[in-house]
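Below, each chain spelled out in residue letters.
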Amino acid sequence: MSDNLTTRYIEIQGVEQTFKTKKGPFCALRNVNLTVAKGEFVALIGHSGCGKSTLLNLIAGLTMPTNGSLICANREIAGPGPDRAVVFQNHSLLPWLTCFENVYLAVERVFGAANKSTGTTAESKAQLKARTDAALAMVGLTTAAQKRPGEISGGMKQRVGIARALCMEPKVLLLDEPFGALDALTRAKLQDELLAIVAATQSTVVMVTHDVDEAVLLSDKIVMMTNGPSATIGEVLSVELERPRNRVELAESTQYLHYRKAVIDFLYTRQAHVEKQAA
Amino acid sequence: MVSAVFHSPLAVTEPVEASARVLTNTTAAAFIATPVPVARQPFDWRGLWLAVLPPVIGLGLLVGLWALVSITTASSIPSPIETFKQAVVIFSDPFYRKGPNDQGVGWNILMSLERVALGFGLAAAVGIPAGFMIGRFEFLSRMFNPLISLLRPVSPLAWLPIGLLVFKGANPAAIWTIFICSIWPMIINTAVGVQRVPQDYMNVARVLNLSEWKIVTKILFPAVLPYMLTGVRLAVGTAWLVIVAAEMLTGGVGIGFWVWDEWNNLNVKNIIIAIFVIGLVGLVLEYVLIKVATAFTFEEVKN
């Protein structure tokens, strides 16, 4: 049982997702099977429209599969919950709350009330505030705590989004192209921060990306998806690079280049993007 | 983003570097943000000219046309100067009371505003929660949409006889009419606002598993507020239009009744003064509500 939990923390079996559209049913995902071990970092990569985000939403519980089953920590995923925190592509901070309040909202929800299933009691206001401050400090935003999202840069907003997800101490961290909208320098910095945080918290992470370097640098396992419609998992690549990883050293590593080549080969040779078919 | 926040030449010429520095070193950011002393600008005469001259010409055009009409109709429409003299007389004592049907213009305006406030307040109390429910629940939306579509185009004055019949009094009937005309924009705008709350925010609520109370107070209400305030602004505008007509029919004390009374007295000067007064009060209401609305709209929502 415990071994089962470690190696098969998230288990996706025969998942199919069909959307109703005006032109009739549209099959986004078909026959998706995937297991994620506890503490593993998995990247989902593929061309746009291949259903990466659809799969992530299914794990988050934001949508329900048409067929198949998703299990997380031995429980069927029946809906969204704070145990599977999501960092959204467009940060999704509430613009009328300060950074502190945005994070506090999540902290208060998870730790502000007694939880019978885990046997924890409600924490005091001071404890909740300390947790919020700690989460903001982890992403280096202590000084921006009292600012509204409209007053800070895109990279800072994304970091607040990450702080909001991490503060809940989730079992699984789900990242939907978290750095897609950022410039290359900011992205690299946040990737390094994420690596450090994940190493410290030992989180299980599923991340959607379409950046090959990001996938190889961060993950233990790269899940490459075929083109939609009816997308499925084309290939799973284990990335056995030692941690901690350093982007500068890796840039010359033959192993790194080998993994990079494998992903590029899959994306551009075997799954050359056919925009018209997907649309 | 960065160049929009830090208006220093350094940040403008090196935006990427500056942003990296801001992220890594906040003390550096504080240094960059230190305001650079700006040379005093010469007074902007051209801006003043553009701000003042066109409105003055516009008003002049109106008064000129009015004077022209006055001359061609052989003063059956009073001239601007006579009307102005009369206005001075009226506004020298706006709050006199000489019996139930002869009161100062100040009382008339206040009575009209009171009716608008009452009718509008009741409409807000009913319309905003109703709009929330209709926007939140598909079933209610489908249930009430045909009713709203059917009743909204009806002139609120058509409801006046029903009001007179049910409430057996002129004053409540006028308030009822205001209630009817202001409730539609508030229901519709609130409902649309709720339906347009970005799915991202609702996804946040779902992932955090927030309670319905938290969803309403922390997400729905702030997100809907700008829409709601637009509804309020439209409602008050319509209410101020309708009150004049309603009071013409119901009588009593009020700016609409005053217009009708002066028409019966063939006192055209007072009618023209009333038109200006109604316009000014409407302008002030609109201005105040726009100020309130901008104070509650977040940049992020507009983008």
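For the structure itself, look to the data block above.
Before going into details, it helps to say that this report is about the structure given with it. Numbering of residues starts from 1 in every chain and runs along the sequence as written. Chain labels run from A onward and ligand labels from 1 onward, assigned in the order the entries are written. With pLDDT at 70 or above as the cut-off, local features in this predicted model cover only qualifying residues; side-chain atom pairs require 80 or more to be listed or tallied, and sums for whole chains, interfaces and linings still use all residues.

### Quick notes on unusual backbone geometry
Turning to step 1, where the next piece is worked out: Backbone torsion omega between Arg243 of chain A and Pro244 of chain A reads -5°, so that peptide bond is classified as cis.
Turning to step 2, where the next piece is worked out: In DSSP terms, a helix is any run of H or I states spanning at least four residues, a strand is any run of E spanning at least two, and both are numbered starting from the N terminus. You can see Pro244 of chain A is positioned in the loop between β10 (233-238) and α8 (247-250).
Turning to step 3, where the next piece is worked out: Phi angles above zero are rare outside glycine, and Gln202 of chain A is one such case at about 55°.
Turning to step 4, where the next piece is worked out: Inspection of the secondary structure puts Gln202 of chain A in the loop between α6 (184-201) and β8 (204-209).
Turning to step 5, where the next piece is worked out: For Leu266 of chain B, which is not glycine, the phi dihedral falls at a positive 55°.
Turning to step 6, where the next piece is worked out: In this structure, Leu266 of chain B sits in the loop between α13 (255-264) and α14 (268-295).

### A few points about the pairing of β8 of chain A
Residues and elements named next belong to chain A.
Turning to step 1, where the next piece is worked out: Most of β8 is tucked away, with six of its six residues classed as buried.
Turning to step 2, where the next piece is worked out: Whether a residue is buried, exposed or partly exposed is read from the other C-beta atoms within 10 Å of its own C-beta, which are placed from the backbone; 20 or more gives buried, 12 or fewer gives exposed, and intermediate counts give partly exposed. Of the two faces of β8, the one carrying Thr204, Val206 and Val208 and the one carrying Val205, Met207 and Thr209 are both buried.
Turning to step 3, where the next piece is worked out: Looking at chain direction, strand β3 (residues 41-45) and β8 are connected through five bridges and run parallel. Bridging from a neighbouring strand, Ala43 pairs with Met207 of β8.
Turning to step 4, where the next piece is worked out: DSSP-based pairing: two strands are paired if at least 2 bridges between them are found. Two elements, strand β7 (residues 172-176) and β8, share five bridges in a ladder whose sense is parallel. Bridge pairing in β8 links Leu173 to Val205.
Turning to step 5, where the next piece is worked out: Tracing the backbone out of β7, into α6 and back to the parallel element β8 gives a crossover that is right-handed. Note on handedness: a crossover is taken as right-handed if, strands pointing away from the viewer, the path from the first strand over the helix to the second is clockwise.

### So, the environment of Ile81 of chain B
Turning to step 1, where the next piece is worked out: Relative to the elements of secondary structure, Ile81 of chain B occurs in helix α6 (residues 80-92).
Turning to step 2, where the next piece is worked out: A C-alpha to C-alpha distance of 13 Å links Ile81 of chain B and Val268 of chain B, two positions 187 residues apart in sequence.

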